[in-house]
Amino acid sequence: MLPVDLPDAVRDALLAPLVDHHCHGVRRDDLSRAQFELLIGESRTPAPPGTTHFDTPLGAAIRRWCAPVLDLEPHVAPAVYLGRRQELGAGEVNRRLLQDSGVVAFLVDTGLEAPDLLSAAEMGRHGGAAADEIVRIEQIEQDIAESAAVAVDYMDSLGEELVARAARAVGLKSIIAYRCGLDFDPSRPSRGSVIAAANRRLSDPRERLVDPILLRHLLWTAVDVARDRALPIQFHTGYGDADLDLSRADPAQMTGFIRALQPLGIPVVLLHCYPFHRQAAYLASVFPHVYVDVGLTLTHTAAGSARILDELLELAPFHKQLFSSDCYGLAEGCHLGAVYFRLGMAGALGRRVESGEWSAADAARVAHMAGSGNARRVYRL
Ligand SMILES: [Zn+2]
C-alpha cells in the first residue's frame, strides 16, 4: 500500500497500530443497498433517481480499498461488493474491516447510541482493540431536560450527571457548532439568565437545545468537570451533515472561547475542520492547549485527502495532530480513515525526507506522534 521507496523506519512507524481518537459505532445488522447508500457521505438522503452515492470519492474508495478485505478484486461493481457483504454477514464484515485497519484503541463518541450501532465495548471486541468512551454533552443535556421538573433541578442534575458520566470517560465532546454556531459569546452566562432560559426550556424539553445561553451554560459546566478530571474537550468543527451551517463552523470563530480556556489548561481538540483545516492548524500553532484532527475529511475526500494532510503539516505543530476515522455506521469508514491517513502521511513525509528537509528518523517520529503518541498523551491512555 505504501510507496516502495519510503525509508523502512518511516514505513514501520506508519504501519504501527493507530489510536482512533474519534469514532462512532458501526451498524451491527445486514444492510440493504438503500441503507448502505444512506451511510455513504453525510447527506443522509438517497441519491437522485438514476444516480448512486457510490459515485463519490468515498464510494470509489470503498470499491478500491475495502473490496480486497472482503476477498474481492479492487474496483468491483457496487452490486458485487454489496452482494459479498451480505454473504459474509455484518459481524464478519465488521471484524475484518475494523481489524484490518490496524487500530489498537477506539475512543467512541456514544452520543449517537442506538440499538443497531455497536457500543464502545463492542467496537473494541470486534476490532480486537481497546475501547473508551467520549461523552457528548448535548446528549446529557437532552436527557436531563426531559426528566427535570424545575430550573434549579435542571442545573443541579446537569452538573451531577456530567460528573458521573465523565468519571467513566476519557474525554468530553460538544456539538455546539450544530446548535448555535461557533461564533458564540465566550463568557460564562449569569445564573439568573440560565434559570430564566431553563424555565423556557422545561416548557418544551423534547425540542433539541438551540438556546445559546443554555448551550454556553452546558459548555462551561463541562469545562468545570474537564478541569477537575483533566479531560480534553472535543469540538465538532467544519464539515458535517446537512444539519450544519458550515459558515458558522469555522474554528477560528471560537478563538475567544479558546483564549478563555488557556489558563485552565484543558486540551481543546478540533475535530474534522475541513475546509477550515488551515485555520485549525493556525489555532494549534498559537495556543498551547489546541489540538487538531482531519478525520472524516480524509475518508470523504479519499483520493484528494493527501493534499489536505499536507496542508495541515504546513503549520500545525507535529505534537498537536491526531488521527481519527470518525467512522459512523459503516466499518468501511474506519478502514478507509486508516488507509488514507497512512497514504497521505507517507506521501507528505516521504517528500520531506527525499528533499533532505527531514531525516528519516524525524519523519518516523512525526508518524508515530500523529498516529498514536499524541492521543495517548492528550487522553492519558
Ligand atoms: Zn463524529
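Just above, that's the structure.
Residues numbered from 1 in each chain as written. Predicted model: local features only at pLDDT ≥ 70, side-chain atom pairs only at ≥ 80, totals over all residues. Heavy atoms only, no water.

Chemist: Is there a simple way to think about the environment of M123 in this case?
Modeler: Residue placement: M123 occurs in helix α6 (residues 120-127). On the accessibility criterion, M123 (0% relative accessible area) is buried. M123 sits 208 residues away from A331 along the chain, and the two C-alpha atoms are 9.7 Å apart. In contact with M123, not counting residues within four places along its chain, are C23, H24, G25, V26, L98, F106, V108, L118 and C327. (Helix = DSSP H or I, 4+ residues; strand = E, 2+ residues; numbered from the N terminus. Buried < 20%, exposed > 50% of the residue type's maximum accessible area, 1.4 Å probe, protein only. Contact = heavy atoms within 4.5 Å.)

Chemist: Where do I start with the sheet that holds strand β3 (residues 130-136) in this structure?
Modeler: Strand pairing in a sheet relies on backbone hydrogen bonds, with the paired strands running either antiparallel or parallel. What the 8 strands build is an open sheet, ordered β1-β2-β3-β4-β5-β6-β7-β8; its pairing is parallel. Of all the strands in the sheet, the pair left with one neighbour each is β1 (18-23) and β8 (321-322). Sheet topology places strand β2 (residues 103-109) next to β3; 5 bridges connect them, and they run parallel. In the sheet register, V108 faces β3, and the bridge partner there is E133. (Pairing = 2+ DSSP bridges.)

Chemist: Would you mind going over the packing of aromatic side chains with me for this structure?
Modeler: Two measures describe an aromatic ring pair: the distance that separates the ring centres and the angle between the ring planes. For the coordinates displayed, the defined rule picks out 8 aromatic pairs. Note on Y239 and Y274: the rings are 6.4 Å apart at their centroids and 70° apart in plane angle, and the pair reads as edge-to-face. Of this pair, Y239 sits in the loop between β5 (233-237) and α12 (255-261) while Y274 is found in the loop between β6 (268-272) and α13 (277-286), placing the two residues 35 residues apart along the sequence. In this structure Y239 comes out as partly exposed when scored by relative accessible area, which is 23%. Exposure remark for Y274: the relative accessible area of 28% places this residue in the partly exposed category. Considering the side-chain rings of F318 and W358, the 5.0 Å spacing of their centres and the 65° angle between planes classify their relative orientation as edge-to-face. (Phe/Tyr/Trp six-rings, centres within 6.5 Å; stacked < 30°, edge-to-face > 60°.)

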